[in-house]
Amino acid sequence: MDYFLSEEQKMVKDLAAKIAEEKVKPVREELDEKGEFPWDIMKVFAESDMCGLYIPEQYGGFGGGTLEFCLATEEISRVCGGVGVTFAASALGAVPILLFGSEEQKKKYLPDIAAGKKLAAFGLTEANAGSDAGGMETTAKKQGDHYVINGTKQWITNGGEAETYTVIAMTDKKKGSRGATAFIVEKGTPGFSFGKKENKMGIRCSATRELVFQDCKVPASNVLGKEGMGFIVAMKTLDRTRPGIGAQAVGIAQGALDEALKYSRERVQFGKPISTFQAIQHMLADMATQVEAARALVYASAKTIDAGAKDITKDAAIAKLFASDVAMKVTTDAVQILGGYGYMKEYPVEKMMRDAKITQIYEGTNQIQRNQIALGLIKEVVSKK
Ligand SMILES: Cc1cc2nc3c(=O)[nH]c(=O)nc-3n(C[C@H](O)[C@H](O)[C@H](O)COP(=O)(O)OP(=O)(O)OC[C@H]3O[C@@H](n4cnc5c(N)ncnc54)[C@H](O)[C@@H]3O)c2cc1C
């Protein structure tokens with residue numbers, strides 16, 4: 001399907017696809033097996049000016065938007081979902097600065113992220129506060145011109161590898177959802193350390209670690225927005241980045257469809273390629289239809305964001321929900337088309353199936369996306385009355 005991308009957008013997509021094919025494909029199996037962070041590949045992205053696609057030119061970026069970022073994330077994830085999320089999670093850490101940072105904060109932090117010299121990360125989740133972020137226990141107490149942070153964030157993508165962290169902590173528990181504040185915390189700040197790298201089912205090369213804060217002093221000038229705006233920072237950020245998870249999911253699904261189609265033409269059973277069996281053809285047709293529908297939703301939600309729409313929560317949730325469910329379904333069907341070989345590590349579809357699962361869980365589970373979509377629908381009806 002032709003999405004009538006601009007010449008620049010096609011260039012971004014082609015460049016990401018080229019890097020994925022030439023640099024990621026040859027090492028993806030090893031990275032997955034060893035759970036090794038893809039630093040060499042991140043350096044290639046940096047050298048190719050890919051890290052600041054969504055960052056304005058005045059802060060050293062490419063000056064594109066959510067769509068350019070999604071196009072790149074999709075192409076990288078088509079080859080490896082782990083590298084895809086490593087690339088995308090830096091934007092998750094940087095978008096809060098882009099949306100809520102002061103001019104000084106933007107000038108200080110965005111150029112290095114745009115240049116790929118530094119990665120960013122986003123710390124919201126805790127052991128007892130996943131979907132219910134309001135249950136967070138990490139605190140930040142104001143002391144003069146500093147805040148002192150105590151607590152632990154769990155499962156933070158790029159944790160330990162990133163230099164720049166956006167962290168949400170409670171500054172006034174009594175105020176509930178208005179009692180959280182967002183901070184920029186630099187790696188190396190005394191009292192800020194990391195847990196061990198988690199051993200995961202999929203996206204294994206990506207780094208997932210705890211962020212541990214023990215009397216960690218952060219200057220008051222590192223507050224993003226204002227004290228009490230932490231949940232707004234977090235929710236507005238996720239609205240902007242969820243299409244990126246949708247793009248990761250579309251990429252993984254497309255990669256699995258590519259593999260299934262190729263295999264179905266090579267594998268001969270009953271004297272014919274299995275692609276000549278209508279049962280297989282119909283599976284391929286359904287997979288292609290689902291992938292294209294997911295892609296259309298992801299691009300549409302990205303364009304809505306880039307056009308400056310105010311309330312994007314429902315559209316972003318729809319894209320993330322649909323694309324991630326498609327990724328799980330299509331990768332599972334790809335394994336089915338490859339039969340027993342699909343279950344073996346010699347073929348990439350078992351990794352794709354493992355990688356797909358997380359897209360239904362992070363940046364808000366798909367149950368939470370459904371809650372958001374339903375809330376959005378009800379809000380629309382009420383506002384029309
Ligand atoms: C690999 C990985 C990387 C991650 N990266 C980051 C990161 O970079 N930054 C970050 O802050 N977090 C990150 N996370 C955390 C992730 O966003 C959370 O895991 C996710 O939000 C769900 O929280 P939970 O795992 O605690 O599940 P829970 O909230 O405990 O949910 C358990 C189950 O209950 C369901 N449920 C909960 N509440 C409701 C409800 N109200 N209605 C219906 N169903 C509900 C959920 O859908 C789920 O099925 C990451 C997680 C993983 C696994």
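Residues numbered from 1 in each chain as written. Predicted model: local features only at pLDDT ≥ 70, side-chain atom pairs only at ≥ 80, totals over all residues. Heavy atoms only, no water.

Trainee: An account of the overall build of the protein chain is requested, with residue identities and associated values reported.
Mentor: Counting its regular elements, the protein chain contains eleven helices and ten strands. Relative to its length of 385 residues, the protein chain is compact, with a C-alpha radius of gyration of 21 Å against a globular reference of 21 Å. Here the C-alpha coordinates of the protein chain stretch approximately 80 × 55 × 40 Å along the principal axes. A total of 385 residues make up the protein chain; the buried ones form 55% of that total. Summarising the internal contacts of the protein chain: among those between residues at least 6 apart in sequence, 74% fall at separations of at least 24. Per element, the accessible surface of the protein chain, about 17300 Å² overall, is 54% carbon and sulfur. (Helix = DSSP H or I, 4+ residues; strand = E, 2+ residues; numbered from the N terminus. Rg over C-alpha atoms; globule rule 2.2 N^0.38 Å. Buried < 20%, exposed > 50% of the residue type's maximum accessible area, 1.4 Å probe, protein only. Contact = heavy atoms within 4.5 Å. Areas by Shrake-Rupley, 256 points an atom, 1.4 Å probe, with all protein chains shown as cover.)

Trainee: Describe the layout of surface pockets, listing the residues and the values that go with them.
Mentor: Here the largest pocket is characterised by a volume of approximately 990 Å³. As for the largest pocket, its lining consists of 39 residues, of which T125, W155, I361, Y362 and E363 are closest to the centre. Those elements that place two or more of their residues in the lining of the largest pocket are helix 5 (81-100), strand 1 (120-123), strand 3 (146-157), helix 7 (230-266), helix 10 (349-357) and helix 11 (366-384). Partitioning the lining of the largest pocket into residue classes produces 20 nonpolar, 13 polar and six charged. (1 Å grid on protein atoms, 1.4 Å probe; cavity = no way out; pocket = protein on both sides within 12 Å on 5 of 7 lines; lining within 4 Å. Points joined across faces, edges and corners; volume = space filled by probe spheres on them. Nonpolar A, V, L, I, M, F, W, Y, C, P; charged D, E, K, R; others polar.)

Trainee: Residue-level account of the packing of aromatic side chains, with values.
Mentor: Per the counting criterion, the structure on display carries 14 aromatic pairs. Pairing Y263 with Y347 gives two aromatic rings, centres 5.7 Å apart and planes at 90 degrees, and the pair type is edge-to-face. Of this pair, Y263 sits in helix 7 while Y347 sits in the loop between helix 9 (313-342) and helix 10; the two residues are 84 residues apart in sequence, bridging distant segments of the chain. The buried category is assigned to Y263, whose relative accessible area is 7%. One aromatic cluster is present, built from ring pairs that chain together F45, Y54, F69 and F87. (Phe/Tyr/Trp six-rings, centres within 6.5 Å; stacked < 30°, edge-to-face > 60°.)

Trainee: Mind laying out the pairing of strand 7 (residues 208-219), listing which residues take part and the relevant values?
Mentor: Where strand 3 meets strand 7, nine bridges bridge the pair, whose relative direction is antiparallel. Residue T152 lies in a different strand from strand 7, and its bridge partner there is V212. Relative to strand 7, strand 6 (residues 192-194) runs antiparallel, the two sharing three bridges. Pairing of S193 across the sheet is with V212, part of strand 7. (Pairing = 2+ DSSP bridges.)

Trainee: Tell me about the environment of M235, residues and numbers included.
Mentor: Tracing the sequence through the fold places M235 in helix 7. Taking C-alpha positions, M235 is 37 Å from P26, a pair spaced 209 residues apart along the chain.

Trainee: Explain the nonpolar core to me, using residue names and the numbers behind them.
Mentor: Ranked by size, the top nonpolar core spans 73 residues in total, and within it F45, Y54, V83, F183 and V185 carry the most contacts. In terms of residue count, helix 5 provides more of this core than any other element does, ten residues in total. In this view, V83 contacts V24, L31, P38, I41, F45, I76 and C205; residues no more than four positions away in its chain are not counted. (Core = buried A, V, L, I, M, F, W, Y, C linked by side-chain atoms within 4.5 Å.)

Trainee: Account for empty space enclosed by the protein, naming residues and giving values.
Mentor: Going through the model one piece at a time under the given rule, you end up with one cavity of 30 Å³ or more. Looking at the largest cavity, its volume works out to about 60 Å³. Lining the largest cavity we find M42, C51, Y54, F87, S90, A91, I113, G116, K118 and L119. Sort the elements by how many residues they give to the lining of the largest cavity and helix 5 lands first, with three residues. Considering only residue class, the lining of the largest cavity consists of seven nonpolar, two polar and one charged.

Trainee: For the pattern of salt bridges, give the residues involved together with the corresponding values.
Mentor: In total, this model carries 25 salt bridges according to the counting rule given. Residue D112 is joined to K118 by a salt bridge in which the shortest nitrogen-to-oxygen separation is 3.5 Å. As a salt-bridge pair, K351 and D355 come within 2.5 Å of each other at their nearest N and O atoms. Residue K351 and its partner D355 are located together in helix 10, separated by four residues, close to a single helical turn. Each member of the pair, K351 together with D355, is buried. Salt bridges here are not isolated pairs; linked through shared partners, they connect K13, E74, E75, R78, D258, E292 and R295. (Salt bridge = Lys/Arg side-chain N within 4 Å of Asp/Glu carboxyl O.)

Trainee: Before we move on, could you go through the pairing of strand 5 (residues 180-186) and cite the residues and values that matter?
Mentor: In terms of burial, strand 5 is a largely internal element, six of the seven residues being buried. When strand 4 (residues 164-170) meets strand 5, the two strands line up antiparallel, connected through seven bridges. Along strand 5, the bridge assignment pairs V167 with F183.

Scope: geometric values only; no functional claims are made or implied.
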